[in-house]
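Observations on chain architecture
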Amino acid sequence: MASQNAEKLITNISAKDLIIIGVALYWAEGAKKDFSFSNTDPRMVKLFIYSLKSVFGVTEKDLKISLRIYEDLNRNSCLKHWSKITGIQLNNET
């Protein structure tokens, strides 16, 4: 219910809004040594990638995704799941 109400309130996000969102997400979840972002919330990851692509011109080729996959998880399922979330295709190196 709350997320539906929030979606109705948030419309027409500007480039400035996306910059603020991207910076805030990086500030909260990014590594300061290098430019990386870590989070397990699919919506947050999607939003961060969206802000990078739409405002900063980052392309899929510019992104490098790394996953921490624990022993009790199925590697292929995890790769497929995050490929779908991020929109980044799996390649032969997986």
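Residues numbered from 1 in each chain as written. Predicted model: local features only at pLDDT ≥ 70, side-chain atom pairs only at ≥ 80, totals over all residues. Heavy atoms only, no water.

1. Looking at helix H3 (residues 42-56)
End to end, H3 covers 20 Å across 15 residues, agreeing with the expected 21 Å (1.5 Å per residue, within 8%). By the burial criterion, the buried members of H3 are Val45, Phe48, Ile49, Ser51 and Leu52. Along the long axis of H3, the arc covered by the buried residues comes to 155 degrees, so they all point the same way. If you follow the buried residues of H3, they end up packed against helix H2 (15-29), strand E2 (36-37) and helix H4 (75-86). (Helix = DSSP H or I, 4+ residues; strand = E, 2+ residues; numbered from the N terminus. Expected span 1.5 Å × (residues − 1). Buried < 20%, exposed > 50% of the residue type's maximum accessible area, 1.4 Å probe, protein only. Arc of directions from axis to C-beta. Contact = heavy atoms within 4.5 Å.)

2. Notes on the confidence of the model for the protein
Per-residue confidence for the protein gives a mean pLDDT of 84, with 94% of residues at or over 70. Looking at the elements of the protein, mean pLDDT is at its lowest for helix H1 (residues 2-9), recorded as 69, and at its highest for H4, recorded as 93. (pLDDT = per-residue confidence, 0-100.)

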